[in-house]
Amino acid sequence: MNNPLISVIVPAYNYGHLITETLESISAQTYPNWECIIVDDGSTDHTEEVVQDYIKQHPEQNFQYVYQSNSGPSASRNVGIKKARGIYIQFLDADDLLSRDKFALQLRLLQMKDCALVFSQSSFFKEEDGRSVSVEKYPQGYLAKETLSGFKLLNRLIKNNIFPVSSALVHAALVKKAGEFDPGLDSNEDWLFWFDIALLNPEFVFDHVETSFTRVRVHNKSLMNNHRRMSLSEVAVRNKMEAKLVSQPNGHGVGQLKKNNADLLALHHIRSLELHIGMRYIMKHFIRHPLQNFRLLCKGCFKMMVRLYKK
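Residues numbered from 1 in each chain as written. Predicted model: local features only at pLDDT ≥ 70, side-chain atom pairs only at ≥ 80, totals over all residues. Heavy atoms only, no water.

## Considering the overall build of the protein
Secondary structure assignment for the protein yields 11 helices and 12 strands. Relative to the 2.2 N^0.38 estimate, which gives 19 Å for 311 residues, the radius of gyration of the protein is 20 Å and therefore close to what a compact globule would have. Its C-alpha atoms give the protein principal-axis dimensions of roughly 65 × 45 × 35 Å. Per-residue burial over the protein gives 50% buried out of 311 residues. Accessible area for the protein stands at about 15300 Å²; split by element, carbon and sulfur atoms hold 52% of it. With 38 positive and 33 negative side-chain charges, the protein shows a spacing of 11 Å between the two charge centroids. (Helix = DSSP H or I, 4+ residues; strand = E, 2+ residues; numbered from the N terminus. Rg over C-alpha atoms; globule rule 2.2 N^0.38 Å. Buried < 20%, exposed > 50% of the residue type's maximum accessible area, 1.4 Å probe, protein only. Areas by Shrake-Rupley, 256 points an atom, 1.4 Å probe, with all protein chains shown as cover. Lys, Arg positive; Asp, Glu negative; His and termini not counted. Charge placed at Lys NZ, Arg CZ, Asp CG, Glu CD.)

## Thoughts on the side chain of Gln 106
Secondary-structure assignment places Gln 106 in helix α4 (residues 102-113). Judged by relative accessible area, which is 0%, Gln 106 ranks as buried. Polar side-chain contacts of Gln 106 include one of 3.4 Å to the backbone oxygen of Ser 167. Ignoring any residue separated from it by four or fewer positions in sequence, one finds Gln 106 in contact with Gln 90, Val 118, Phe 119, Ser 120, Ser 167, Ala 168, Leu 169, Asp 207 and Ser 212. (Polar contact = N/O pair within 3.5 Å; in protein donor to acceptor, adjacent residues only side chain to side chain. Contact = heavy atoms within 4.5 Å.)

## Points about the packing of helix α1 (residues 19-27) against helix α2 (residues 47-57)
For the pair α1 and α2, the least separation of the axes is 10 Å and the interaxial angle reads 30 degrees. As judged from the angle between their axes, α1 and α2 are roughly parallel. Once α1 is placed against α2, the crossing between them reads as right-handed. Note on element contacts: α2 touches α1 through Val 50, Val 51 and Tyr 54, opposite Ile 19, Thr 20, Leu 23, Glu 24 and Ser 27. (Axes fitted to C-alpha atoms, helices over the stretch in contact; angles between N-to-C directions. Parallel < 35°, antiparallel > 145°, perpendicular 65-115°, else oblique. Left-handed = near helix turned anticlockwise from the far one by under 90°.)

## Points about the nonpolar core
Phe 91, Leu 117, Trp 194, Ile 197 and Phe 204 are the most contacted members of the largest nonpolar core, which has 41 residues in total. If we skip the residues at most four places from it in the chain, Phe 204 touches Leu 117, Phe 119, Glu 146, Thr 147, Leu 148, Leu 153, Ile 162, Phe 163, Trp 194, Ile 197 and Ala 198. (Core = buried A, V, L, I, M, F, W, Y, C linked by side-chain atoms within 4.5 Å.)

## Let's talk about the pairing of strand β11 (residues 203-206)
Both strand β6 (residues 117-119) and β11 contribute to a ladder of three bridges, which runs parallel. Paired with Phe 119 across the bridge in β11 is Phe 206. (Pairing = 2+ DSSP bridges.)

## Let's talk about the sheet that holds strand β10 (residues 168-171)
Pairing is mixed in the open sheet, where eight strands are placed in the order β3-β2-β1-β4-β10-β6-β11-β9. Two strands in the sheet have a free side with no partner beyond their single neighbour: β3 (63-68) and β9 (148-149). Two elements, β6 and β10, share three bridges in a ladder whose sense is antiparallel. Of the residues in β10, the one forming a bridge with Phe 119 is Ala 168.

## Things to note about the side chain of Ser 25
Position of Ser 25 among the secondary structure elements: in helix α1. For Ser 25, a relative accessible area of 8% puts it in the buried group. Among the polar contacts made by the side chain of Ser 25, one reaches the main-chain carbonyl oxygen of Thr 22 at a distance of 2.7 Å. When near neighbours in sequence (up to four residues on either side) are disregarded, Ser 25 contacts Leu 92, Asp 96, Leu 97 and Leu 98.

## Things to note about the sheet that holds strand β12 (residues 213-217)
Spatially, the four strands line up as an open sheet ordered β5-β12-β7-β8, and their pairing is mixed. The outermost strands of the open sheet, each flanked by one partner alone, are β5 (97-98) and β8 (131-135). Bridging between strand β7 (residues 121-128) and β12 involves five bridges; their strand directions are parallel. Residue pairing in the sheet places Phe 125 in a bridge with Arg 217 of β12.

## Section: the packing of helix α10 (residues 275-288) against helix α11 (residues 290-310)
Interaxial distance between α10 and α11 falls to 8 Å at its minimum, and their mutual angle equals 155 degrees. By the angle between their directions, the pair α10 and α11 is classed as roughly antiparallel. Once α10 is placed against α11, the crossing between them reads as left-handed. Touching Leu 275, Met 279, Tyr 281, Ile 282, Met 283, His 285, Phe 286, Ile 287 and Arg 288 of α10 are Pro 290, Asn 293, Phe 294, Leu 296, Leu 297, Gly 300, Met 304 and Arg 307, all from α11.

## Description of a nonpolar patch on the surface
A cluster of nonpolar side chains, contributed by Phe 302, Met 305 and Val 306, occupies part of the molecular surface with about 300 Å² of accessible area. Within the secondary structure, Phe 302 sits in helix α11. For Phe 302, a relative accessible area of 53% corresponds to the exposed category. (Patch = residues over 30% accessible without salt bridge, like charges linked within 9 Å, V, L, I, M, F, W, Y side chains within 5 Å. Salt bridge = Lys/Arg side-chain N within 4 Å of Asp/Glu carboxyl O.)

## A word on the environment of Pro 4
The topology assignment puts Pro 4 in the segment before β1 (6-12). Taking C-alpha positions, Pro 4 is 23 Å from Gln 121, a pair spaced 117 residues apart along the chain. Among residues more than four places away in sequence, those in contact with Pro 4 are Tyr 31, Asn 33, Ile 87, Tyr 88, Leu 107 and Gln 111.

In structure tokens:
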């Protein structure tokens, strides 16, 4: 286990203009024992040509190209998981980047802590006039920057996705035990996947080292920028979380987790989708338990006023 194989899974759809930089960030890793599986999800641009040419130029490195008919990012990652031979798995989108020490530092932490998942800090950037410009994508405290486990981890994941898919280095056995990425989701699928893993009760260990990080590109093609799709996707994810929590044994705060998830779904409806659905839920619970739900009512009214003001 001193030199385990890391499998990097890169789903790609029409990213021929960006994927070379992504593959270069893998080639530059100071830890050498890895394989990279690029799953071309039915691209209609020159992705295949670019990837195949890169592989020919780096015969000493273990890159593999796999083609499938367009099926979405979840299906692409699932194909990569099935083909992966590594002890650990690194997911990486075709337009994002890794720091050169990420594998070496996170692998050392995995072995030192005897854990199954380590996640790093993340930064966001965009290209402007040929320059890389930092972007503040999320408010302070949105992304996790601490080691989490148990109820605290699940509750944190119910609140929001706590890190980008490329942030983690995770044991392959844990990935396969959690099951596949949900192919019915074309966004937020990694959020639900980390929730599935958290239900197995591992510890998510935060990597504090400054030279270990992932860089996530923000641009017009990013799924993160399609607000309507992301809003509907959050509803789908929360409904799936609810179903998964129902199947969990009672105790360990499961009831509170379900309530927190339902509350956040109601607030999400008020903020982004069907205002009346969210307010109906809040009023029903406030009437039943006024003291317990007073804060929720205040949040709902505030979000409603903000939405009406913007409209």
